[in-house]
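# Secondary and tertiary structure notes
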Amino acid sequence: MSEKPISSRKYTYIHDEDDTGFQSIDSHHIMVPKSRSRQFLLYSSFLVLMAHVCSLLLGKEEWRIVFPWNSLTFVILAAALHLRSIEKESVLIMPTFGVQLETHYRSGRICRRFIPISKILKPVLNECVTPTTCYWSLVLILRGDKELTLVFQELQPPLEMLVSVWKALCTAVDGDTTTDCGMEVDFRASIL
Amino acid sequence: MEQWQQTLMKIAMAVQRRHRVLMVSDFFYPNFGGVENHLYYLSQCLLELGHKVVVMTHAYGTRTGVRYMTGGLKVYYVPWKPFLMQNTLPTIYGTFPIVRTILIREKISVVHGHQAFSTLCHEALMHARIMGYKVVFTDHSLYGFADVGSIHMNKVLQFTLSDVNQAICVSHTSKENTVLRSGLPPEKVFMIPNAVDAAMFKPAETRLSREEIVIVVISRLVYRKGADLLVEVIPEVCRLYPNVRFIIGGDGPKRVRLEEMREKNSLQDRVEMLGAVPHVQVRSVLIRGHIFLNSSLTEAFCIAILEAACCGLLTVSTRVGGVPEVLPEDIIVLAEPVPNDMVQAIGKAIRLLPKIDPQVMHDRMKSLYSWHDVARRTELVYDCALSCSDENLLVRLSRYFACGVWAGKLFCLVMTLDYLLWHLLELWQPSKDIEEVPDIASESLHEEMPWSVETEAI
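Residues numbered from 1 in each chain as written. Chains lettered and ligands numbered in written order. Predicted model: local features only at pLDDT ≥ 70, side-chain atom pairs only at ≥ 80, totals over all residues. Heavy atoms only, no water.

### Let's talk about the overall build of chain B
- Along its length, chain B carries 17 helices and 16 strands.
- Relative to the globule expectation of 23 Å for 458 residues, the C-alpha radius of gyration of chain B, 24 Å, shows essentially globular dimensions.
- The dimensions of chain B, computed from C-alpha atoms along their principal axes, are 75 × 60 × 50 Å.
- Taking contacts inside chain B between residues at least 6 apart in sequence as the whole, the part at least 24 apart equals 73%.
- Put simply, chain B shows about 20,200 Å² of open surface, and 58% of that area lies on carbon and sulfur atoms. (Helix = DSSP H or I, 4+ residues; strand = E, 2+ residues; numbered from the N terminus. Rg over C-alpha atoms; globule rule 2.2 N^0.38 Å. Contact = heavy atoms within 4.5 Å. Areas by Shrake-Rupley, 256 points an atom, 1.4 Å probe, with all protein chains shown as cover.)

Below you can see the structure in the form of structure tokens.
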């Protein structure tokens, strides 16, 4: 069964509970819709390259030297954009077993990381401050690990989506099904 | 209704309002000092009055990000590294994105900057004014007018204070100094003195015997604090009064001179040098003495003599800056910053000692100065600031234009660019995309104390 998805301007949140099989798996997905602006950027840079090539051919400049470098740069940029383009990030919670963090790229590549439930000390909502901005992130404090582990490595979903995932993680870690924090969230300061 | 009646009504309504204050300064914990203590105590008392306070400062070493201090005081340690004397690198527009983000997500109503020497304060106040927030500025120090550094500093201050809603100074002398340096109309400047934490500075349980008079000096040993005067005064006093001993706490470039004086006059057993004294140990050093000696060459307020008086010490000080305004005349002996005058003042203080009762002095200081009083008065300043009318950009630019022939045009250009940058930021990161922070219920924080669990230990 799944709950009604929550949508924001950039992300869509889907919560699935799969009760079939040996164990119930609680999945939380943050989807990134295909960005029109990204495609526009890709095609417009391709057009610019084509125009440059044409001007070189007509102007009879040293296109033999310039053309390969330009096209190489374009290919590298396009490949980087495509490979790093994220389709969705998922959190699969298997109670009493562990948590699996997944990042699905549009190229088909999937990055997975499994964390056993006993290793998680606490899931925490953290405010990250950078020189230009401040945003919420969901992190896991792991036993024996000095660094915090980001649940969503690449994406920065809004707070209401993070709170749903955080509550589910708290329930799984504490083993307490009656955890209900409402919005009096437990803000923990960064330990860094 | 008349203008003044409307203003009064607005003030009355503002009085019932809860403020959400952003304190900005380069000087905050984990550093210790006058400005840092002022910020902390004022924030705590404002929190107790029911307002929300957020502090913004730069990162200290690895201490970056959001920290919570006692009472739910939220501190943003923004990862801009300090570059000179604890000040953030002045980039004029560099801090705009983070300041805007903090102002929107914390739903701030008034921005309060501290200390004219703080670059982060000036930048944050400028950005806050461009965005239309109400702004208050507190000046903690006196500055000169003559040297090159002071001239530039004063011009920067003039720029910031051209458009500030209200200003606060810590003494009448400081108010005069600020008004002259910045050209701010005096009606906009409030005088709210600093205070002292009387619970921390209590006199000794047993009174010291007066067979040997102990004079305590605790200050940074730098030129500004009159360390050179001490070098002249101490040998003379030791010669005139054989039963007097000195305890000197503090460190600095002039320490070498004091050590030399000690050696030259063979005063090793009569002058004790303690080195740097951490703030928590200041009281334990003060209660070892009968008299507190302050030889500063310039002071806007001088909290040190207030702390000494709270511990029951009789004060001898130079008559500079705002010092005469701090203590009642019967518990302070003032002198000109000249060695002979200071020696005579110390003699007078020694003769006055039998009449001093430390506990009576402490109770008197407790009733005269309290941080709660400072917070209540600051609250009134915030109410006044919020009742100021909103002005459009052109009216404000005309005030900047009046700052000088070249400076006026430069300031107008800076503010116009800032205004354009603001709209660019609105396009890049619209304010509706910046999530507002939910308020932590302060009752839940108080219930879950002990302090070691929920709050950040310094």
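Moving on from the model shown.
### Some remarks on the domain arrangement of chain B
Residue and element names in this part refer to chain B.
- Taken as a whole, chain B is organised into domain 1 (2-195 + 374-445) and domain 2 (213-368).
- Here the C-alpha centroids of domain 1 and domain 2 sit 35 Å apart.
- Counting residues at the interface gives 13 residues for domain 1, matched by 11 residues for domain 2.
- Counting each side, the surface lost to burial between domain 1 and domain 2 is near 970 Å², with a carbon and sulfur contribution of 60%.
- A per-residue breakdown of the area domain 1 buries against domain 2 is headed by Leu142, Thr173 and Asn194, which together make up 42% of the total.
- Counting across the domain 1 and domain 2 interface gives zero salt bridges.
- The tally of links between domain 1 and domain 2 comes to five residue pairs in polar contact (both at pLDDT 80 or more). (Domains from an automatic or database assignment. Buried area = accessible area lost by both parts, 1.4 Å probe. Salt bridge = Lys/Arg side-chain N within 4 Å of Asp/Glu carboxyl O. Polar contact = N/O pair within 3.5 Å; in protein donor to acceptor, adjacent residues only side chain to side chain.)

### Points about the sheet that holds strand β3 (residues 65-69) of chain B
All names here are of chain B.
- A sheet is described by the order of its strands in space; here eight strands give the open sequence β3-β4-β2-β1-β7-β8-β9-β10, paired in mixed fashion. Looking at the sheet topology across the chains shown, the edges are occupied by β3 and β10 (189-191). Adjacent strand axes in the sheet meet at a mean angle of 25°, parallel and antiparallel pairs treated alike.
- Relative to strand β8 (residues 134-139), strand β7 (residues 110-114) runs parallel, the two sharing five bridges. From the neighbouring strand, valine 111 faces β8, where its bridge partner is valine 135. (Pairing = 2+ DSSP bridges. Axes fitted to C-alpha atoms, helices over the stretch in contact; angles between N-to-C directions.)

### Side note on the UniProt feature "domain: PIGA GPI anchor biosynthesis" (unreviewed entry) in chain B
- Taking the UniProt record as the reference, the feature "domain: PIGA GPI anchor biosynthesis" (unreviewed entry) is found at residues 58-147 of chain B.
- Along residues 58-147 of chain B, the helical share is 24% and the strand share 31%, with 28 Å between the first and last C-alpha atoms. (UniProt positions renumbered as here; feature names shortened; annotations may be inferred.)

### Re the domain arrangement of chain A
Residues and elements named next belong to chain A.
- Segmenting chain A into domains produces domain 1 (6-35 + 85-191) and domain 2 (36-83).
- Opposite the six residues of domain 1 that make contact, domain 2 presents seven residues.
- By the criterion of area lost to domain 2, the three top residues of domain 1 are Ser35, Ser85 and Ser107, representing 77% of everything that side buries.
- In this assembly, domain 1 and domain 2 are joined by zero salt bridges.
- Where domain 1 meets domain 2, there are zero residue pairs in polar contact (both at pLDDT 80 or more).
- Counted by class, the side of domain 1 that touches domain 2 contains one nonpolar, three polar and two charged residues. (Nonpolar A, V, L, I, M, F, W, Y, C, P; charged D, E, K, R; others polar.)

### Digging into the nonpolar core
Residues and elements named next belong to chain B.
- Formed by 96 residues in total, the largest nonpolar core has its most connected members in Phe28, Ile234 and Leu286.
- Setting aside chain neighbours within four positions, we find leucine 286 in contact with Phe201, Val216, Ile218, Phe292, Glu307, Ala308, Cys311 and Leu313.
- In terms of nonpolar packing, the next biggest core, distinct from the first, is built from 53 residues, Leu125, Met126, Phe137 and Ala167 among them. (Core = buried A, V, L, I, M, F, W, Y, C linked by side-chain atoms within 4.5 Å. Buried < 20%, exposed > 50% of the residue type's maximum accessible area, 1.4 Å probe, protein only.)

### Some remarks on the side chain of histidine 104 of chain A
Residue and element names in this part refer to chain A.
- Structurally, histidine 104 is set in strand β5 (residues 98-105).
- Classification of histidine 104 by relative accessible area gives buried; the value is 14%.
- Look past the residues within four positions of histidine 104 in its chain and what remains in contact with it is Ile86, Glu87, Lys88, Ser90, Arg109 and Ile110.

### Structural notes on a nonpolar patch on the surface
Residue and element names in this part refer to chain B.
- Taken together, Phe83, Leu84, Met85 and Leu89 make up a surface patch of nonpolar side chains, about 410 Å² in accessible area.
- Tracing the backbone through its elements, the reader meets methionine 85 in the loop between β5 (82-84) and β6 (87-88).
- Take methionine 85: its relative accessible area is 56%, and that puts it in the exposed class. (Patch = residues over 30% accessible without salt bridge, like charges linked within 9 Å, V, L, I, M, F, W, Y side chains within 5 Å.)

### Describing the pairing of strand β4 (residues 86-94) of chain A
Residue and element names in this part refer to chain A.
- In terms of burial, β4 is a largely internal element, eight of the nine residues being buried.
- Relative to β4, strand β3 (residues 25-31) runs antiparallel, the two being bridged by six bridges. The residue bridging serine 27 from the neighbouring strand is leucine 92, located in β4.
- Two strands pair when backbone bridges link them, and β4 and β5 are joined in this way by eight bridges, in the antiparallel orientation. The partner of isoleucine 86 across the bridge, within β5, is tyrosine 105.
- What sits between β4 and β5 in their antiparallel hairpin is a turn of three residues, with threonine 96 showing a positive phi close to 65°.

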